[in-house]
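# Examining the three-dimensional arrangement
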Amino acid sequence: MPTDPSASVMDLDLTRAPGAPLVLRTPELPDLDTALDWLRTHRDAIRAELLNSGALLLRGLPVRDAADFALARDVLIEQRAGYKEKATPRTDFGEGVFSSTDLPAVQPIRLHNENSYTLDFPGTLLFCCVTAPEEGGATTVGDMREALRLMPAALRERFEAAGWLLVRTYSELAGLPWYKSFATEDEAVVEEYCRQNTIGAQWLEDGALRTRQVRSAVVTHPVTGERVWFNHFAFWNQWTLDPDVRDVLVETYGADGLPFNTYLGDGSALTREEVDAVNAVYDRVTLRESWQPGDLMLVDNILCAHGREAFRGDRKILVAMGDPVPLDECRPTVAPSAGASAVVRAASEG
């Protein structure tokens, strides 16, 4: 199939059902080579629509496995992006292709922007359905331009002024241990990474690691110029946890030792009601579409957050990350800071 430079958004079969993301239905494509040619022809139009919609599900492609997916990724995404400061377990299939997450099926994943806490992050995510679950399991999405507009004004102003603070305590028992998150067993390598990436690092007496990083909660898309809500604040806040899980974690680790917790950038904590108000905005903007085998979904990681429903049955969703974007190109309202002045070796020194 020859490349048609005149292909435009008007050539695409686009539909949107209430409560669902935009769906692009492809023509009948008999094999992968034909499908890749079709993607090459329409790539610019697809990417242009992505900047408008924030997320776009492509339906009808003969993509069957991780190898097929990697080839489709290389057409749609120019530059691969890494997964840094890992927070969830994933299976690595090679060639920059991962499982979307290996968390238990009964555990839903709330909306979030991938790697919002790092100094550069993927600008684009691409998901692929190899095996659709029997029930649930949609990769949910939500427009963060709309989320910023809907955020209660008083909260929005506080976050714009102070940013948000992420405190992580890396443990063998909850979350990921530090050597898995940083992909090294060398403490000196971790310390240097933290210095270079504006993260306060504190080695605890039991050999665990605690980090602190302040980031902007509101950024501006470097291409569209639109301001968006961009963070993991509610995602990792203690008041978002299931109450029973929170009680167990607090009893085990103490309120200051949770695997993840978040605050305003000045270190002040929000009330349960305030965190609930942020989560209510996410709920209002959430869109879903059940997966079908072969589906691809492009997500602009700045314009749009993503999550996952709980599910039943086998589910195999792949993800690849690309188009890395430096935070400083997104006009953050708050400059990144470490939340601590230096790497320290024990709790008593912090």
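Small disclaimer: the values here were computed from a predicted structure and weren't measured.

A tally of helices and strands in the protein yields 8 helices and 20 strands. The C-alpha extent of the protein, read off along each of the three principal axes, is 65 × 40 × 35 Å. Counting all 350 residues of the protein, 54% fall into the buried class. By sequence separation, contacts in the protein at least 24 residues apart represent 82% of the contacts at least 6 residues apart. Accessible surface, the protein: about 15100 Å² in total, of which carbon and sulfur atoms supply 50%. A gap of 3 Å separates the mean positions of the 34 positive and 53 negative side-chain charges of the protein.

Another point: the packing of aromatic side chains. Enumeration according to the criterion identifies 10 aromatic pairs in this entry. Look at Tyr 117 and Trp 236: their rings are 5.3 Å apart centre to centre, the planes differ by 50°, and that puts the pair in the tilted class. Placement of the pair is Tyr 117 in the loop between strand S6 (109-112) and strand S7 (120-131) and Trp 236 in the loop between strand S14 (227-229) and helix H7 (243-253), with a sequence separation of 119 residues. Residues Tyr 117 and Trp 236 agree in their burial class; the two are buried. Here the aromatic rings of Tyr 170 and Phe 182 are separated by 5.5 Å at their centres, their planes lie at 50°, and the arrangement is tilted. A residue pair is termed long-range when its members are at least 10 positions apart, and Tyr 170 in strand S10 (residues 164-170) and Phe 182 in the loop between helix H5 (178-181) and helix H6 (187-196) qualify at 12 residues. For the pair shown, Tyr 170 and Phe 182 are each scored as buried. Among the aromatic side chains, those forming a connected cluster through ring pairs are Tyr 117, Phe 235, Trp 236 and Phe 260. Directly above the ring of Phe 311 sits Arg 315, whose terminal nitrogen or CZ lies 5.4 Å from the centroid.

Our focus in this paragraph is unusual backbone geometry. Positive phi, close to 55°, is recorded for Asn 115, a residue that is not glycine. The phi angle at Asp 323 is positive, at roughly 50°, despite the residue not being glycine. Topologically, Asp 323 is positioned in strand S20 (residues 316-326). Since its relative accessible area comes to 17%, Asp 323 is described here as buried.

As for its position among the elements, His 221 is in the loop between strand S13 (218-220) and S14. Among the residues examined, His 221 registers a relative accessible area of 4% and is labelled buried. Sequence-wise, His 221 and Ala 183 are 38 residues apart; in three dimensions their C-alpha atoms are separated by 30 Å. Setting aside anything within four residues of it in sequence, one finds His 221 in contact with Leu 51, Glu 226, Asp 300, Ile 302 and Leu 303. Engagement of the side chain of His 221 in a polar contact is seen with the side chain of Asp 300, the distance being 3.0 Å.

Read from one edge of the open sheet, 4 strands run S11-S12-S10-S15, paired in antiparallel fashion. Unpaired on one side and paired on the other, strand S11 (200-203) and strand S15 (260-264) mark the two borders of the sheet. The mean inter-strand angle of the sheet, taken between neighbouring strand axes irrespective of direction, is 15°. Bridge count for S10 against strand S12 (residues 209-215) is 7 bridges, and the pairing is antiparallel. Paired with Arg 168 across the bridge in S12 is Thr 211. Along the sheet face, H6 touches S11 and S12 and points at about 155° away from the line of S11.

Right, let's get into the sheet that holds strand S18 (residues 304-308). Pairing in this open sheet of 4 strands is antiparallel, and the strands run S6-S18-S9-S16 from one edge to the other. Edge positions in the sheet fall to S6 and strand S16 (286-287), since each of these pairs with one other strand and no more. The pairing of strand S9 (residues 141-143) with S18 spans 3 bridges and is antiparallel. Its bridge partner lying in S18, Val 141 is registered against His 306.

What counts and how
- Residues numbered from 1 in each chain as written.
- Predicted model: local features only at pLDDT ≥ 70, side-chain atom pairs only at ≥ 80, totals over all residues.
- Heavy atoms only, no water.
- Helix = DSSP H or I, 4+ residues; strand = E, 2+ residues; numbered from the N terminus.
- Buried < 20%, exposed > 50% of the residue type's maximum accessible area, 1.4 Å probe, protein only.
- Contact = heavy atoms within 4.5 Å.
- Areas by Shrake-Rupley, 256 points an atom, 1.4 Å probe, with all protein chains shown as cover.
- Lys, Arg positive; Asp, Glu negative; His and termini not counted.
- Charge placed at Lys NZ, Arg CZ, Asp CG, Glu CD.
- Phe/Tyr/Trp six-rings, centres within 6.5 Å; stacked < 30°, edge-to-face > 60°.
- Lys NZ or Arg CZ within 6 Å of the ring centre and 35° of its normal.
- Polar contact = N/O pair within 3.5 Å; in protein donor to acceptor, adjacent residues only side chain to side chain.
- Pairing = 2+ DSSP bridges.
- Axes fitted to C-alpha atoms, helices over the stretch in contact; angles between N-to-C directions.

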